[in-house]
Amino acid sequence: FTDEVFNGLLSLNFIYEALSSLRRNFVLADPMNLTMPFVALGMALSTFWTTMQVTAFQSSKFFNQKARTIIKDFGPVTVFVAMSILNL
């Protein structure tokens, strides 16, 4: 139980920091040029959406069960790495 509570608090901290960073991007941005805050928001939303789609892939009917499990297990990490490289 303690481990689950700690993991929940850690997750909430990561979510809070991510949202705080996105908010800071909009607050500190030049009002005449909001390109970078919207790019950051787009990257965050696309990372979230793609990760959710990859995680839900296990219940689809594509591939066999072993391939779906591997995609579900390693997909989120692959999405994070791909979006980080795309952000550079």
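The preceding data block contains the structure.
Description of the structure in this document. (Residues numbered from 1 in each chain as written. Predicted model: local features only at pLDDT ≥ 70, side-chain atom pairs only at ≥ 80, totals over all residues. Heavy atoms only, no water.)

A word on the overall build of the protein
- For the protein, the count of helices and strands is three helices and zero strands.
- Listing each helix as α and each strand as β along the protein from the N terminus yields α-α-α.
- The C-alpha radius of gyration computed for the protein amounts to 17 Å, which surpasses the reference 12 Å derived for 88 residues by more than 25%, pointing to a less compact arrangement than a globule.
- Along the first, second and third principal axes, the C-alpha set of the protein runs to 50 × 35 × 20 Å.
- Burial analysis of the protein (88 residues in total) assigns 16% to the buried set.
- When contacts within the protein are restricted to residue pairs at least 6 apart in sequence, those whose partners lie at least 24 apart make up 33%.
- Total accessible area computed for the protein in this model is approximately 7,300 Å², and 71% of it derives from carbon and sulfur atoms. (Helix = DSSP H or I, 4+ residues; strand = E, 2+ residues; numbered from the N terminus. Rg over C-alpha atoms; globule rule 2.2 N^0.38 Å. Buried < 20%, exposed > 50% of the residue type's maximum accessible area, 1.4 Å probe, protein only. Contact = heavy atoms within 4.5 Å. Areas by Shrake-Rupley, 256 points an atom, 1.4 Å probe, with all protein chains shown as cover.)

Re the layout of surface pockets
- A volume near 580 Å³ is recorded for the largest pocket.
- Together, 20 residues line the largest pocket, and A18, A44, L45, T47 and F48 are the ones closest to its centre.
- Secondary-structure elements contributing two or more residues to the lining of the largest pocket are α1 (2-28), α2 (35-55) and α3 (65-87).
- The class makeup of the residues in the lining of the largest pocket is 15 nonpolar, five polar and no charged. (1 Å grid on protein atoms, 1.4 Å probe; cavity = no way out; pocket = protein on both sides within 12 Å on 5 of 7 lines; lining within 4 Å. Points joined across faces, edges and corners; volume = space filled by probe spheres on them. Nonpolar A, V, L, I, M, F, W, Y, C, P; charged D, E, K, R; others polar.)

Quick look at the environment of L45
- Within the element layout of this structure, L45 appears in helix α2.
- Judged by relative accessible area, L45 falls into the exposed class, the value being 52%.
- Separated by 23 residues in the primary sequence, L45 and R68 have C-alpha atoms spaced 24 Å apart.

Quick look at the packing of aromatic side chains
- What the rule picks out here adds up to three aromatic pairs.
- Relative to F38, the ring of F26 lies with its centre 5.0 Å away and its plane at 80°, an arrangement referred to as edge-to-face. Within this pair, whereas F26 is found in helix α1, its partner F38 is found in helix α2, the two being separated by twelve residues in sequence.
- For F26, a relative accessible area of 29% translates into the label partly exposed.
- Aromatic pair F57 and F62: ring centres 6.3 Å apart, planes at 10°, arrangement stacked.
- Residue class for F62 comes out exposed when judged on its relative accessible area of 54%.
- A connected cluster of aromatic rings, assembled from ring pairs, spans F57, F62 and F63. (Phe/Tyr/Trp six-rings, centres within 6.5 Å; stacked < 30°, edge-to-face > 60°.)

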